[in-house]
Amino acid sequence: GLLRILAPALPCVFVNTVLFYVFVAARRRCAYLGTLLLGLVVGSALGFYLAPRFGPAGSAAADLVREIIMTASFLYFLCREGLAPAAGKTLLKLLLGASVVCIAGAGWAGSFGAWESWPAVWSLLVIAGMLVFFGFPRRSDLLLLLDEGS
């Protein structure tokens with residue numbers, strides 16, 4: 001139950017973590033603090049509304065929506081700040097496209113019974129799309145992540 005609700009948030013958490021550090025490194029305090037504040041407000045409001053009505057599933061849904069909204073906010077700032085407008089637009093299209101495919105697939109499969117694999121399919125589409133559009137990391141990219149001196 002709950003893991004199926006939370007599974008689609010994993011790609012968003014990954015993207016949010018990376019973009020948070022991008023904005024910190026670029027000294028765009030307004031972008032990352034604004035996004036964090038938006039996430040806090042939306043997550044809290046949805047949590048207070050959904051948790052009493054739906055229990056743990058409501059809390060999980062609130063977390064999922066919060067992560068998606070934070071991803072959209074980070075991608076908006078990425079495009080607006082001109083840090084990587086092509087990457088921001090590509091990721092936004094990728095998340096939207098993966099969501100449309102999975103919603104359509106879940107609706108189609110729903111007529112045949114429960115389709116429990118949609119969170120995994122959505123995550124796979126997002127990750128595969130990122131690898132297709134941005135490529136696999138090169139060895140030099142990975143070494144930069146391990147270098148403590150930079």
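Residues numbered from 1 in each chain as written. Predicted model: local features only at pLDDT ≥ 70, side-chain atom pairs only at ≥ 80, totals over all residues. Heavy atoms only, no water.

Some points on the overall build of the protein chain
(1) Moving on: Helix and strand content of the protein chain: seven helices and zero strands.
(2) Moving on: Burial statistics for the protein chain: of 150 residues in total, 28% are counted as buried.
(3) Moving on: Pairs at least 24 residues apart make up 67% of the contacts formed inside the protein chain by residues separated by at least 6 positions.
(4) Moving on: In the structure as shown, the protein chain presents an accessible area of about 9,600 Å², 72% of it carried by carbon and sulfur atoms. (Helix = DSSP H or I, 4+ residues; strand = E, 2+ residues; numbered from the N terminus. Buried < 20%, exposed > 50% of the residue type's maximum accessible area, 1.4 Å probe, protein only. Contact = heavy atoms within 4.5 Å. Areas by Shrake-Rupley, 256 points an atom, 1.4 Å probe, with all protein chains shown as cover.)

What about the nonpolar core?
(1) Moving on: L19, F23, F74, L75 and L78 are the most contacted members of the largest nonpolar core, which has 14 residues in total.
(2) Moving on: Those elements that place two or more of their residues in this core are α2 (9–25), α3 (29–54), α4 (56–80) and α5 (85–110).
(3) Moving on: The leading source of residues in this core is α4, at five residues. (Core = buried A, V, L, I, M, F, W, Y, C linked by side-chain atoms within 4.5 Å.)

Some words on the side chain of S73
(1) Moving on: Following the sequence through the fold, S73 ends up in helix α4.
(2) Moving on: A polar contact of 2.8 Å, which involves the side chain of S73, links it to the side chain of T35.
(3) Moving on: Other than its neighbours up to four places away in sequence, S73 contacts T35 and L38. (Polar contact = N/O pair within 3.5 Å; in protein donor to acceptor, adjacent residues only side chain to side chain.)

Digging into unusual backbone geometry
The bulk of non-glycine residues show a negative phi, and the bulk of peptide bonds are trans.
(1) Moving on: The backbone of R27 shows a phi angle near 55°, a positive value even though the residue is not glycine.
(2) Moving on: Inspection of the secondary structure assignment puts R27 in the loop between α2 and α3.
(3) Moving on: Using a relative accessible area of 75% as the deciding quantity, one classes R27 as exposed.

Here's the deal with the packing of α2 against α3
(1) Moving on: For the pair α2 and α3, interaxial distance at closest approach is 8 Å and the crossing angle is 145°. Each of F20, F23 and V24 in α2 lies in contact with α3, whose residues at this interface are A31, Y32 and L36.
(2) Moving on: Looking at the contact of α2 with α3 residue by residue, the class counts come to six nonpolar, no polar and no charged. (Axes fitted to C-alpha atoms, helices over the stretch in contact; angles between N-to-C directions. Nonpolar A, V, L, I, M, F, W, Y, C, P; charged D, E, K, R; others polar.)

Description of the packing of aromatic side chains
For any pair of aromatic rings, geometry is given as the distance between the ring centres together with the angle between the planes.
(1) Moving on: This model, assessed by the stated rule, comprises four aromatic pairs.
(2) Moving on: Relative to Y21, the ring of F20 has its centre 5.2 Å away and its plane inclined at 75°; by these criteria the two rings are edge-to-face.
(3) Moving on: Between F23 and F74, the ring centres sit 5.8 Å apart and the planes meet at 15°, which makes this aromatic pair stacked. Of this pair, F23 sits in helix α2 while F74 sits in helix α4; the two residues are 51 residues apart in sequence, bridging distant segments of the chain. (Phe/Tyr/Trp six-rings, centres within 6.5 Å; stacked < 30°, edge-to-face > 60°.)

Some points on a nonpolar patch on the surface
(1) Moving on: A grouping of F14, V18, V22 and L83 is seen on the molecular surface, where their side chains present a nonpolar patch of about 310 Å² in accessible area.
(2) Moving on: When you line up the elements, V18 lands in helix α2.
(3) Moving on: By relative accessible area, which is 39% here, V18 ends up partly exposed. (Patch = residues over 30% accessible without salt bridge, like charges linked within 9 Å, V, L, I, M, F, W, Y side chains within 5 Å. Salt bridge = Lys/Arg side-chain N within 4 Å of Asp/Glu carboxyl O.)

Some points on α4
For an α-helix, 3.6 residues make a turn, and residues three or four places apart therefore share a direction.
(1) Moving on: Helix length check: α4, at 25 residues, gives a terminal C-alpha distance of 36 Å against a target of 36 Å (1.5 Å per residue), a fit within 8%.
(2) Moving on: Looking one or two residues past α4, G82 carries a phi angle of roughly 75°, positive in sign. (Expected span 1.5 Å × (residues − 1).)

With respect to the environment of E67
(1) Moving on: On the secondary structure map, E67 appears in helix α4.
(2) Moving on: Counting along the chain gives 53 residues from E67 to F14, while the straight-line C-alpha distance between them is 10.0 Å.
(3) Moving on: When sequence neighbours within four positions are dropped, the list of residues in contact with E67 reads A9, C12, V13 and N16.

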